[in-house]
Amino acid sequence: MALMTVQTHQRQGRYVPANGINIHYVEVGAGEPLLLLDNAMVSTNPIWASLPFAYASFLGTLAEHFRVIAPDTRGSGKSVHPGGPIPSGLLADDVVALIEALDLDQPLICGFSDGGETATLAGIRHPGSVRAIVNHGGYDLFNPDPQAPAIAMTRQMLGGSADATRADPELSASRSPELRAMFGLMKSDHDSAQGAGHWKTVIAQTFDRITQPHGFTLEDIHAITVPTLVLTGDRDPFCSVEEGAAAYRALPAGELAVLPNTGHLITPAAVQTTIEFFERL
């Protein structure tokens, strides 16, 4: 199978055909393969190293321990989506198709936020596809209640109200300097990869996916038999310690780690906890 190679901001990136699209990914390091999944509003572009919502600034640290394979989510960065909805299950299928296309033998998998949902759904939908999972702040959508506080908060954040039915990036940016900064980076990233205005498409597609339960519950999590770490911060407004503990208890081979004084962020402590979990398997 031929791989197409491109240069991305001084970093080597590749495309591989998988699940009907060309998935763009970055690979660094050596050793046991680790699939690293960002949330869908960011990408592997090094521009994201300036914000703690992406793994971009931690690739070097993780590459000291693993062969890191970090894909752009379908529709984000350089992974083009041909059109239509992008449900969570499709993203999980993309990841497993990537595993098969790269001929990986049960790699490790780690995801943050939306990427944590994807990593966990890969374990549910495709038993035996991965050796171990880290779900970092990506379990709020396992709550089947569409009015759950975390889900309503996401609608408020991206749509302007708890009852919003579509994304409104202009309104969201006007109310939050943090989101305004993030949207500025999204424009630079996604528009340079897929054309002017694509950053708004990414927000709209993400809104549709993460503002309603994805249909899987803690009962489904029980089907994951591989070692799985549920990781959260004690101040994470989306993935509470209480729901994290419930997810941990539903896992036959689960662990729970709670980082003190930490919100919905990727921190050095979170990365170190992830490394330590995988290395003691």
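Counting restarts for each chain, with residues numbered from 1 along the sequence as it is written. At least 70 in pLDDT is required for a residue's local features to be given in this predicted model, at least 80 for side-chain atom pairs to be given and counted, and no such filter applies to totals for whole chains, interfaces and linings, which use all residues. In computing side-chain properties, one takes all heavy atoms of the structure into account and sets aside hydrogens as well as water.

1. Comments concerning the confidence of the model for the protein
Basically, it comes down to this: The pLDDT value tells you how sure the predictor is about a given residue, anywhere from 0 up to 100. Only heavy atoms matter for contacts: two residues are in contact if any of them lie within 4.5 Å across the pair.
Of the residues in the protein, 96% reach a pLDDT of 70 or more, and the chain-wide mean stands at 95. The low-confidence segment residues 1–10, where pLDDT is below 50, has 26 contacts with residues more than four positions distant or belonging to other chains.

2. Some words on the pairing of strand β6 (residues 108–112)
Using the following cut-off: Summary of the burial criterion: residues with accessible area below 20% of their type's maximum are buried, those above 50% are exposed, and those between are partly exposed, where the area comes from a 1.4 Å probe applied to protein chains only. For helices the rule is a DSSP run of H or I covering at least 4 residues; for strands it is a run of E covering at least 2, with both sets numbered from the N terminus onward. A pair of strands counts as paired when DSSP detects no fewer than two bridges linking them. Looking down the strands as they point away from you, a crossover is right-handed if its path from the first strand over the helix to the second goes clockwise.
Burial within β6 is extensive, with five of its five residues counted as buried. Sheet topology places strand β4 (residues 33–37) next to β6; four bridges connect them, and they run parallel. Across the sheet, the residue bridging to L34 is L108, located in β6. Inspection of the sheet shows β6 paired to strand β7 (residues 132–136) by five bridges, in the parallel sense. Opposite L108, over in β7, you have A132 as the bridge partner. Each parallel crossover has a hand, and for β6 linked through helix α3 (residues 114–125) to β7 it is right-handed.

3. Quick look at the environment of A97
Position of A97 relative to the elements: it lies in helix α2 (residues 88–101). Using a relative accessible area of 14% as the deciding quantity, one classes A97 as buried. Spatially, the C-alpha atom of A97 lies 8.8 Å from that of P17, the residues being 80 residues apart in sequence.

4. Thoughts on the packing of aromatic side chains
Using the following cut-off: Put simply, two rings from Phe, Tyr or Trp (the six-membered ring, in Trp's case) pair if the centres are within 6.5 Å, and we call them stacked under 30 degrees between planes, edge-to-face over 60, tilted for the rest.
Applying the stated rule across the entire model yields three aromatic pairs. Measuring from ring centre to ring centre gives 5.8 Å for F183 and W199, while their planes differ by 45°; the resulting arrangement is tilted. Taken as a pair, F183 in helix α6 (residues 177–194) and W199 in helix α7 (residues 198–210) lie far apart in primary sequence, 16 residues in all. Neither F183 nor W199 differs from the other in exposure class; each is buried.

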